[in-house]
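Chain by chain, the residues run as shown.
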Amino acid sequence: MARAFISAPIPAQVVVELRRLNRSQPEVQWANPDQWTVTLQFLGHCDIGVIEESFLQIRGTSSTAVLGPRISLLGRTNLVVPVRGLTDLAHQVQTSVEPHESLKNQLSFVGHLTLGRLKDANRAKLEGTPVSGSFVVTELELVQSVLGAGGPTHTTVNRLSLSPQFDYANRPHF
């Protein structure tokens, strides 16, 4: 059994911008920027083959993710960049994998990108820092997560392209 999640990958340009943040506070266990994602559905311990079958059946639509407005804490220890605009996509994902046993007692979706976790601090220096930007989520990733001494290691199992958004402003007029 593996831990897994379905996520929206973060575009390279967004990663470049977020890497500019001062992530030097030693009381924060910083997440590896190469593993930054927006998790749409966490699956806990699961049979990755069964989840992959459900994953490939997702019929989602691309969505615009909006970062910010400020870096904040999610819970007591998770330092995050809030991400708005993906609630409908997260619902489409959850509906596709809903029968899975690991989804019992799941928390509601809260869009975020985890920068790090507080270890020995009451406050992160970055908390409250303004962050802005947006990107279009055009694909999903099924990711296997293995916990290790140095933190989790993520491996992308499969990718799935999303249907494009319909652009009402630029639709043809007859």
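Check the entry above for the structure.
My aim in this report is to walk through the structure given alongside it, one point at a time. If you're wondering where the values come from, they're calculated on a predicted model, not measured in any experiment. (Residues numbered from 1 in each chain as written. Predicted model: local features only at pLDDT ≥ 70, side-chain atom pairs only at ≥ 80, totals over all residues. Heavy atoms only, no water.)

**Some details on the side chain of serine 62**
Note the cut-off: Secondary structure elements follow DSSP: runs of H or I of four or more residues count as helices, runs of E of two or more count as strands, with numbering from the N terminus. Any two residues having at least one pair of non-hydrogen atoms within 4.5 Å are treated as being in contact.
With respect to the helices and strands, serine 62 occurs in the loop between α2 (48-55) and β4 (63-67). Residues in contact with serine 62, not counting those within four places in the same chain, are Val136, Val137, Thr138, Leu162, Ser163, Pro164 and Gln165.

**Focus on the pairing of strand β9 (residues 139-148)**
The condition is simple: Two strands make a pair as long as DSSP finds a minimum of two bridges between them.
In this structure, strand β1 (residues 2-9) lies alongside β9, joined through five bridges in antiparallel fashion. Counted as the bridge partner of arginine 3 is serine 145 from β9. With ten bridges connecting them, β9 and strand β10 (residues 151-161) associate as antiparallel partners. Its bridge partner being in β10, leucine 147 is matched across the sheet by proline 152.

**Structural notes on unusual backbone geometry**
With an omega dihedral of 15°, the bond running from glycine 68 to proline 69 counts as a cis peptide bond. Along the chain, proline 69 turns up in the loop between β4 and β5 (72-74).

**Focus: the sheet that holds β1**
For clarity, the threshold we go by: Fitted lines through C-alpha atoms serve as axes, helices being fitted only where they are in contact, and the angles separating the N-to-C directions of these axes extend from 0 to 180 degrees.
The sheet built from four strands is open, its strands ordered β3-β1-β9-β10 with antiparallel pairing. Among the strands making up the open sheet, the edge pair consists of β3 (37-46) and β10. Taking the axes of each pair of neighbouring strands and ignoring which way they run, one obtains an average angle of 25° across the sheet. Two strands pair when backbone bridges link them, and β1 and β3 are joined in this way by eight bridges, in the antiparallel orientation. Counted as the bridge partner of isoleucine 6 is glutamine 41 from β3.

**A short note on the nonpolar core**
Formally: We define a nonpolar core as any set of buried Ala, Val, Leu, Ile, Met, Phe, Trp, Tyr and Cys residues linked to one another through side-chain atoms lying within 4.5 Å. A simple rule labels every residue: compare its accessible area, found with a 1.4 Å probe on the protein chains alone, to the largest value its type can have, and call it buried under 20%, exposed over 50%, or partly exposed in between.
In this structure, Ile6, Leu40, Leu86 and Leu140 are the most contacted members of the largest nonpolar core, which totals 41 residues. When residues no more than four places from it in sequence are discounted, the contact partners of leucine 40 are Ile6, Ser7, Ala8, Leu86, Leu89, Ala90, Val93, Phe109 and Leu140.

**Comments concerning the environment of serine 108**
With respect to the element layout, serine 108 can be found in the loop between α3 (87-97) and β7 (112-118). Accessibility expressed as a relative area gives 67% for serine 108, which makes it exposed. Between the C-alpha atoms of serine 108 and threonine 87, which are 21 residues apart in sequence, the distance is 9.7 Å.

Bear in mind that shape data such as this cannot, by itself, settle questions of function.
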